[in-house]
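# Remarks on the overall topology
Chain by chain, the residues run as shown.
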Amino acid sequence: MTVYVIDDHPLMRDALTMLVHRVKPGLKIIPIHKLNVVESTVEKNGAPELFCLDLQLPDTLGMSGVQVLKAKFPNVPLAVVTSASASEFETRCLEAGANAFIEKSNSPTQIIAALRTLLITEEEDASEDAAPAGPTKLSKRQKQLILMLDQGLSNREIAEKLDISEHTVKVHFWRLFRRLGVNSRTQALHFARTNGWLGI
């Protein structure tokens, strides 16, 4: 499995490559400088495990990069890593299908934390596919999220309690929803209550 870093700035491609290696040493990382060579590059280098995409590429406009990647690779996690501000673009990116929005101005620690939540290992995938969801199969962080959901905490409040960025909280929710086969906080809480998990 391969991570593709799509950014037209060589320095940023190198920096992201280093950060991804810190998340998962030994991972194959392929830098790409524009969107229109992604498909041919993937054919040569193998199935993608994650895309890291800059919004501002020579051959993209607005959300077009996110839309193109999600249309061609709908099941591959996509992290938008950009100098654009979250206040202006985060909601639009997530609505277009991105799984995380990471500002380049974030600290390396914050960027690594957000990337780590997206780089799900093959072992995790195998365990998810082999057994139905149960509290013993959830990570410690996922159990914390369910309890915090039950307390009615906002993403910002959860981020403060866990000492992580709000972006990372959203990615954790994406993984939890994927794990439970639900699409919202309400559905996740209903699932947890139905299965008697709120004592976990």
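A few points on the structure.

Scoring rules and cut-offs
Residues numbered from 1 in each chain as written. Predicted model: local features only at pLDDT ≥ 70, side-chain atom pairs only at ≥ 80, totals over all residues. Heavy atoms only, no water. Pairing = 2+ DSSP bridges. Helix = DSSP H or I, 4+ residues; strand = E, 2+ residues; numbered from the N terminus. Right-handed = clockwise from strand over helix to strand, strands pointing away. Phe/Tyr/Trp six-rings, centres within 6.5 Å; stacked < 30°, edge-to-face > 60°. Buried < 20%, exposed > 50% of the residue type's maximum accessible area, 1.4 Å probe, protein only. 1 Å grid on protein atoms, 1.4 Å probe; cavity = no way out; pocket = protein on both sides within 12 Å on 5 of 7 lines; lining within 4 Å. Points joined across faces, edges and corners; volume = space filled by probe spheres on them. Nonpolar A, V, L, I, M, F, W, Y, C, P; charged D, E, K, R; others polar. Axes fitted to C-alpha atoms, helices over the stretch in contact; angles between N-to-C directions. Contact = heavy atoms within 4.5 Å.

Moving on, we get to the pairing of strand β2 (residues 28–32). Judged from the 5 bridges that link them, strand β1 (residues 2–6) and β2 form a sheet pairing that is parallel. Paired with Val3 across the bridge in β2 is Ile29. Read from β1 through helix α1 (residues 10–23) to β2, the crossover connection turns out right-handed.

Taken as a whole and assessed by the stated rule, the structure comprises 4 aromatic pairs. Centroid distance Phe51 to Phe73: 5.0 Å. Interplanar angle 55°. Geometry classified as tilted. Residue Phe51 is found in strand β3 (residues 48–53), and its partner Phe73 is found in the loop between α3 (64–72) and β4 (78–82); the two are separated by 22 residues along the sequence. On the basis of relative accessibility, which here comes to 1%, the residue Phe51 falls in the buried class. Look at Phe73 and you get buried, because its relative accessible area is 15%.

On to the layout of surface pockets, then. Its boundaries defined by the atoms lining it, the second largest pocket holds a volume of some 250 Å³. Forming the boundary of the second largest pocket are Leu94, Asn99, Asn155, Lys170, Phe173, Trp174, Phe177, Val182, Asn183 and Arg185. When residues of the lining of the second largest pocket are assigned to their parent elements, the largest contribution, 4 residues, is made by helix α9 (residues 166–180). Within the lining of the second largest pocket, the residues separate by chemical class into 5 nonpolar, 3 polar and 2 charged.

β4 sits mainly inside the fold: 5 of its 5 residues count as buried. Alternating positions in β4 separate into two faces, Leu78, Val80 and Thr82 on one and Ala79 and Val81 on the other, with burial throughout. By the bridge criterion, 3 bridges tie β3 to β4 in an arrangement that is parallel. Pairing of Cys52 across the sheet is with Ala79, part of β4. Considered for its hand, the β-α-β crossover made up of β3, α3 and β4 is right-handed. Note on the crossover from β4 through helix α4 (residues 86–96) to strand β5 (residues 100–103): the handedness is right-handed.

Attention now moves to the sheet that holds β4. The parallel open sheet is built from 5 strands, whose spatial order is β2-β1-β3-β4-β5. Looking at strand neighbours, the two that pair on one side only are β2 and β5, the edges of this open sheet. Neighbour to neighbour, the strand axes of the sheet diverge by 20° on average, direction disregarded. In this structure, β4 lies alongside β5, joined through 4 bridges in parallel fashion. Across the sheet, residue Thr82 finds its bridge partner in β5, namely Glu103. Lying on the sheet, helix α5 (residues 108–118) is in contact with β3, β4 and β5; it crosses β5 at an angle near 160°.

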